[in-house]
Amino acid sequence: MLNPYLLQGDLGECSSLITYADPNRRLELRYRPKDPFCHSLCGNRFTSSNLLLRVRRRVRKKDPKDAQIQLEMLGFIGTTYKFQGMADFQCLAVHSEDGKHTSLYDKIVLRKSENQQFFEQPMPFFLPPPIFSRLDSPVDYFYRPDTHHNQVPTTRENLIGLNRARRPHNAIFVSFTDPTVPSECLEAARVNWQRVRMKDCDTQAEENLKKMFESRPIWSRNAVKANLDIHPEKLKLVLPVFAYYMVTGPWRSLWVKLGYDPRKNAESKKYQMLDFRIRCSTKHGYSVSDMPVKAKRSSLDYTLPITLNKAAPQPASVMGLPAQEGPSTSRQPIPVRYQLKESSYIFREGMLPPHRQMFYQLCDLDVESIQRVIQRNDGQEQECDERDGWCVTRTTDELRDIISAMIKKIIRAQRPTLPVFPMKRRRAGLSIKQKVKAAEPAEDEEDNEEEEEDEFHPSEGSENEMETEMLDYM
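Residues numbered from 1 in each chain as written. Predicted model: local features only at pLDDT ≥ 70, side-chain atom pairs only at ≥ 80, totals over all residues. Heavy atoms only, no water.

Participant: An account of the packing of aromatic side chains is needed here, citing residue identities and associated values.
Facilitator: Within the structure shown, the criterion is met by six aromatic pairs. Centroid distance F37 to F126: 5.0 Å. Interplanar angle 85°. Geometry classified as edge-to-face. In this pair, F37 is assigned in the loop between β1 (27-29) and β2 (41-59) and F126 in the loop between α3 (116-120) and α4 (147-151), connecting sequence segments 89 residues apart. For F126, a relative accessible area of 17% translates into the label buried. A cation over an aromatic ring shows up here: K82 above the ring of F46, its NZ or CZ 5.2 Å from the ring centre. Taking the ring centre of W219 as reference, the NZ or CZ of R216 above it sits at 4.2 Å. (Phe/Tyr/Trp six-rings, centres within 6.5 Å; stacked < 30°, edge-to-face > 60°. Helix = DSSP H or I, 4+ residues; strand = E, 2+ residues; numbered from the N terminus. Buried < 20%, exposed > 50% of the residue type's maximum accessible area, 1.4 Å probe, protein only. Lys NZ or Arg CZ within 6 Å of the ring centre and 35° of its normal.)

Participant: Outline helix α8 (residues 232-242), listing residues and values.
Facilitator: Taken across its eleven residues, α8 has eight buried, putting it largely inside the fold. Here α8 has its buried residues at L235, K236, L237, V238, L239, P240, V241 and F242. Tucked inside the fold, the buried residues of α8 contact α5 (187-196), α6 (200-215), α7 (221-227), β8 (243-246) and β9 (255-257). (Contact = heavy atoms within 4.5 Å.)

Participant: Please give an account of the packing of α5 against α8 that cites residues and values.
Facilitator: It is at 8 Å that the axes of α5 and α8 come closest, and there the two elements cross at 140°. Here α8 runs oblique to α5, going by the angle between their axes. In this structure, the crossing between α5 and α8 has a hand that is left-handed. Where α5 approaches α8, its residues A189, R190, N192, W193 and V196 are matched on the opposing element by K234, L237, V238, P240 and V241. Of the residues in the contact of α5 with α8, the class split is seven nonpolar, one polar and two charged. (Axes fitted to C-alpha atoms, helices over the stretch in contact; angles between N-to-C directions. Parallel < 35°, antiparallel > 145°, perpendicular 65-115°, else oblique. Left-handed = near helix turned anticlockwise from the far one by under 90°. Nonpolar A, V, L, I, M, F, W, Y, C, P; charged D, E, K, R; others polar.)

Participant: Residue-level account of the side chain of K236, with values.
Facilitator: Topologically, K236 is positioned in helix α8. Classification of K236 as buried rests on a relative accessible area of 15%. For K236, the side chain forms a polar contact with the side chain of E233, separated by 3.4 Å. (Polar contact = N/O pair within 3.5 Å; in protein donor to acceptor, adjacent residues only side chain to side chain.)

Participant: Requested: an account of the pattern of salt bridges, with residues and values cited.
Facilitator: Tallied over the full model, the rule gives 24 salt bridges. As a salt-bridge pair, E187 and R190 come within 3.0 Å of each other at their nearest N and O atoms. Taken as a pair, E187 and R190 lie in helix α5 at a separation of three residues, close to a single helical turn. For E187, a relative accessible area of 53% corresponds to the exposed category. The partner of E381 in a salt bridge is K269, and the shortest N-O contact between them spans 3.0 Å. Taken together, the positions of E381 in the loop between α9 (368-374) and α10 (395-414) and K269 in the loop between β9 and β10 (273-277) put the pair 112 residues apart, joining distant regions of the chain. K269 gets classed as buried once you look at its relative accessible area, which sits at 4%. Residues participating in the shared-partner salt-bridge network are R387, D388, R394, D397 and R400. (Salt bridge = Lys/Arg side-chain N within 4 Å of Asp/Glu carboxyl O.)

Participant: Give a detailed account of the sheet that holds β8, specifying residues and quantitative values.
Facilitator: Sheets are built from strands paired through backbone hydrogen bonds, the pairs being either parallel or antiparallel. As summarised here, the arrangement of the four strands in space is β6-β8-β9-β7, forming an open sheet in which the pairing is mixed. Two strands close off the open sheet at either side, each with one partner strand: β6 (173-174) and β7 (218-219). Sheet topology places β6 next to β8; two bridges connect them, and they run parallel. Its bridge partner lying in β8, V174 is registered against M246. Across the sheet, α6 touches β7, β8 and β9, and the angle it forms with β9 is around 80°. (Pairing = 2+ DSSP bridges.)

Written as structure tokens, this is what we have:
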């Protein structure tokens, strides 16, 4: 039976299809779909075994009591959304003063292109919170203490937030200023990996990872993923068995073989990390709107916490039962591959990075001009610096400039040329004057372009991606 009040709301056709494709998303229902400040009512997804029926009731005009009811089964319903929570708090765009209420929708909601006067008009402050509560189901807790909070150790080194314990991945973190590096992994790391190493493919992945660190002592996580086909959750457990994680210095965000200290070996220069970001400005040939590489995350795709459910095992369903087929007609499931592409950690001439921020190791920059800059002090390394490592000072800035220039060249080559229209005939004297005037500022434009290139300040390295990886082990 359908709720008559539910039919007055709006689910949205496109949003409903996106929600159905993701089993962890909750279906949003808006009672005021045209109001951007309307808080939605969220429905949970359940596996069901219901039937969709069409009921027809025919009544005679002469005798209304004589009715004929017909039932027709249209299909099977395997998924049902139930709206069992509260509709959250609703906040209307209204200004209240001296007992009078004034609507603000026409003043704060853009319905068409407005001039500058629209944005400069006096307006009362209306800043509603995006969410009032993280829960939409009432709970009677009667001010009782949280039992889970008392079970979590409250030492400062472990405590990140309430009810938040350190993840048991047992990785070892090393800073550039630490005097020594570990030579053996934690015993808990070895025990955890042996606990999940259940299949032959896991044992094979462990052997391959061991050979990788024997041939090359320092790897980035993307480089490991591109050379090893293993589940990401299992990779988190097997990496601490063979390597430790560098937090600061020229090898930050990289996994280093246990017992290997890159600060004491000049050959580790080629394994240093370069944090590169694609520069975005009209000076480099493109603006934010037409940037060639799209961002990983978009603010337009932000979803409120109440619209997502944590992954949970789904109950069995009739639709999930295997078909009655013989052994000869049964289909083998498509194997899932977790291996990344080579472009996730290697840069070559003529290619665009897959993301706006990339962590490259110097040995993975497969460009001759870049390698010449890196190798210009080979055999003359004296001291390992925390910023540039074994390279010459400001080498990372030069490498960023070279890669940015190569990307700028690729974008200009891919941009379609504008059509050339035939010029109208003009008098000979006028055309000669225009050619002379156009030839004079040509040299000035080239000088300005060179000055703009000199004014660029190289971007500093960011640790956002590194912090994301570190949080997996904390």
